[in-house]
Amino acid sequence: MKAIKFLAAAIAGLAVCAAVQARTLDEIKKDGKIIIATEGAYPPFNYFQGSKLSGFEVELGDAIAKKMGLAVEWKALSFDALLAGLRQDRWDVVMASFGITEDRAKAVSFTSPYYCSGGVIVAKDPAIHTVESLNGKTVAVQTGTTYMENVKKLSGVKEVKNFPQDTDARSALLNGRVDAWVSDRFVAKTALASNNTAGLKMGDFVFVEKIAAAVKKGNGSLSAAYDKALAEVMADGTYQTISDKYMKEDIRCH
Ligand code: ARG
C-alpha cells in the first residue's frame, strides 16, 4: 500500500514536471534561437511568398527576437495545431493572429497585444453589410477562430460553414457557395485590394479583439522579455515601418 502511494506521488510529481518544462528565457538565450510557430496561410499577417514565410507577424517576430538577442527558427503548421504545440513544448511562441479570449487564456499565456482588430463582414451583395443582414444567410469562417465562435452566436444566421484555412473561406464566397465571409478587418482590406477579389465589399464589424503572441501557460520569464522587446520595437519606429509596409497604416492598439 505504501509502495503504491509512493508510486502515485512519483507519477503526480512527473506530471507537474512535464507541465513546467517549457524553455525558460535563460534556456532559450543559451541556445541563441527562439522557435516561433505560425500558420503561413493568413495574408498579410503570415503567408508564403513562394517558399518564403512572410508577412507582418513574421517581420515583427524577427524584429522582437533581434531585440532579445535571438535568432528565430520559424515553423509553419495548421492553425489548429498551434496552441496545442505550446503545451507539448514543440515551440516557444505562437504568432498567428490569435485573439485574446478567456477560453484560450485558460490554456496558454498571452503577451501584450501587438495589434487591435476584429471580425468584419465581407460579401458580394451590397445589402449584406450589417450583422442584422446576416439573418437567414450562410457564412464562411475559418475553423477554430474567433470568427467561427462569434458568428455562431448570431442566432439569425442560417448556417456557419467552416474551412480549415481562412483563404478557403474567402474562396467559398468568391465562388458563390456562401453569402458572406467573416474574417479580420486587415485580412479583408488586403484581400479586397487585390484584383482577383473584384465584387467583394467590406461591411461592419461583428466584434473587436486584441491580437497577441502566446507562450506556454505560466512561462512568465519569456512573456516578460517578449513584452519588453515589443515595447522597444513599438518605440523605435520598427513596428510602424512593418505595419505601414503591409497595412498602409499603424495597427497597434491605442
Ligand atoms: N483572429 C482570429 C482568432 O483569433 C483568427 C486568427 C487566424 N489566424 C490564422 N493564422 N489563420 O481566432
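Here the structure is shown first, and the text comes after it.
Residues numbered from 1 in each chain as written. Predicted model: local features only at pLDDT ≥ 70, side-chain atom pairs only at ≥ 80, totals over all residues. Heavy atoms only, no water.

**Q** So what exactly am I meant to see when it comes to the pairing of strand 10 (residues 180–184) here?
**A** Two faces, one strand: in a regular strand the side chains alternate between the faces of the sheet. With 5 of 5 residues buried, strand 10 is to be regarded as a mostly interior element. Bridging between strand 7 (residues 108–123) and strand 10 involves 5 bridges; their strand directions are antiparallel. From the neighbouring strand, G119 faces strand 10, where its bridge partner is D184. With 2 bridges connecting them, strand 8 (residues 138–142) and strand 10 associate as parallel partners. Looking at the pairing, V139 lines up with A180 of strand 10. (Buried < 20%, exposed > 50% of the residue type's maximum accessible area, 1.4 Å probe, protein only. Helix = DSSP H or I, 4+ residues; strand = E, 2+ residues; numbered from the N terminus. Pairing = 2+ DSSP bridges.)

**Q** Can you help me understand the pattern of salt bridges in this one?
**A** Oppositely charged side chains can form a pair if their charged atoms are brought close together. Across all of its chains, the model carries 12 salt bridges by this definition. The salt bridge partner of R23 is D92, with a shortest N-O separation of 2.7 Å. Of this pair, R23 sits in the loop between helix 1 (2–19) and helix 2 (25–31) while D92 sits in the loop between helix 4 (82–87) and strand 6 (93–94), and the two are 69 residues apart along the sequence. The shortest N-O distance in the salt bridge between R185 and E249 comes to 3.3 Å. With R185 in helix 8 (residues 185–193) and E249 in the segment after helix 10 (238–247), this residue pair connects regions lying 64 residues apart in the sequence. (Salt bridge = Lys/Arg side-chain N within 4 Å of Asp/Glu carboxyl O.)

**Q** Before we go on, may I ask you to explain helix 9 (residues 220–235) in this structure?
**A** Quick reminder: α-helices carry 3.6 residues per turn. Residues three or four places apart thus point the same way. Over its 16 residues, helix 9 runs 22 Å from end to end, which matches the ideal 22 Å to within 8%, given 1.5 Å per residue. Taken as a whole, helix 9 has its buried residues at L222, S223, A225, Y226, A229, L230, V233 and M234. At the exit of helix 9 stands G237, carrying a positive phi of roughly 95°. (Expected span 1.5 Å × (residues − 1).)

**Q** What is the right way to read the sheet that holds strand 7 from this model?
**A** Ordered in space as 5-1-6-11-7-10-8-9, the 8 strands form an open sheet in which the pairing is mixed. The open sheet has two edge strands with one neighbour each: strand 5 (71–76) and strand 9 (159–163). Of the strand pairs in this sheet, strand 6 and strand 11 (residues 201–216) are connected by 2 bridges, and their pairing is antiparallel. Counterpart to V93 in the pairing with strand 11 is V215.

**Q** In this structure, what is going on with the packing of aromatic side chains? I would like to understand it.
**A** Working definition: an aromatic ring pair is given by the centre-to-centre distance plus the angle between the planes. Within the structure shown, the criterion is met by 9 aromatic pairs. Here the aromatic rings of Y114 and Y115 are separated by 5.9 Å at their centres, their planes lie at 50°, and the arrangement is tilted. Like Y115, Y114 is buried. Residues Y115 and F186 carry aromatic rings whose centres are separated by 6.5 Å and whose planes lie at 75° to one another, so their mutual orientation is edge-to-face. With Y115 in strand 7 and F186 in helix 8, this pair connects stretches of sequence that are 71 residues apart. For Y115, a relative accessible area of 0% puts it in the buried group. Aromatic rings pair up to connect Y42, F45, F56, Y114, Y115, F186 and Y239 into one cluster. (Phe/Tyr/Trp six-rings, centres within 6.5 Å; stacked < 30°, edge-to-face > 60°.)

**Q** Whenever I open this one, the site of the ligand confuses me. Can you help?
**A** Close to the ligand lie 15 residues, the nearest being E39, S97, G99, R104 and E209. In this structure, a nitrogen atom belonging to the ligand sits 2.7 Å away from a side-chain N or O atom of E209. Coverage of the ligand by the protein amounts to 100% of the 350 Å² it exposes when considered alone. Elements with a minimum of two residues in the shell around the ligand: helix 6 (146–152) and strand 11. When the residues that make up the shell around the ligand are grouped by side-chain class, the tally is 6 nonpolar, 6 polar and 3 charged. (Near = heavy atom within 4 Å. Polar contact = N/O pair within 3.5 Å; in protein donor to acceptor, adjacent residues only side chain to side chain. Areas by Shrake-Rupley, 256 points an atom, 1.4 Å probe, with all protein chains shown as cover. Nonpolar A, V, L, I, M, F, W, Y, C, P; charged D, E, K, R; others polar.)

**Q** Where do I start with the state of the cysteines in this structure?
**A** What makes a disulfide is a covalent bond joining the sulfur atoms belonging to two cysteines. Scanning all chains against the criterion turns up 1 disulfide. A sulfur-sulfur separation of 2.1 Å characterises the disulfide bridge that pairs C116 with C253. Note on the C116 and C253 pair: the S-S dihedral is about 100°, so by sign convention the disulfide is right-handed. Here the residue C116 occupies a position in strand 7, and C253 occupies one in the segment after helix 10, the gap between them amounting to 137 residues. (Disulfide = S-S within 2.5 Å.)

**Q** Please clarify how the packing of helix 3 (residues 56–67) against helix 10 should be interpreted in this entry.
**A** The relative placement of two packed helices is expressed as an angle between their axes plus a distance between the axes. Viewed as axis vectors pointing N to C, helix 3 and helix 10 meet at an angle of 165°, and their least axial separation amounts to 10 Å. Classed by the angle they form, the pair helix 3 and helix 10 counts as roughly antiparallel. The two elements helix 3 and helix 10 cross, and the hand of that crossing is right-handed. In this structure, helix 3 contributes F56, E59, L60 and A63 to the contact, and helix 10 contributes T238, Y239, I242, S243, K245, Y246 and M247. Taken together, the residues that form the contact of helix 3 with helix 10 break down as 7 nonpolar, 2 polar and 2 charged. (Axes fitted to C-alpha atoms, helices over the stretch in contact; angles between N-to-C directions. Parallel < 35°, antiparallel > 145°, perpendicular 65-115°, else oblique. Left-handed = near helix turned anticlockwise from the far one by under 90°. Contact = heavy atoms within 4.5 Å.)

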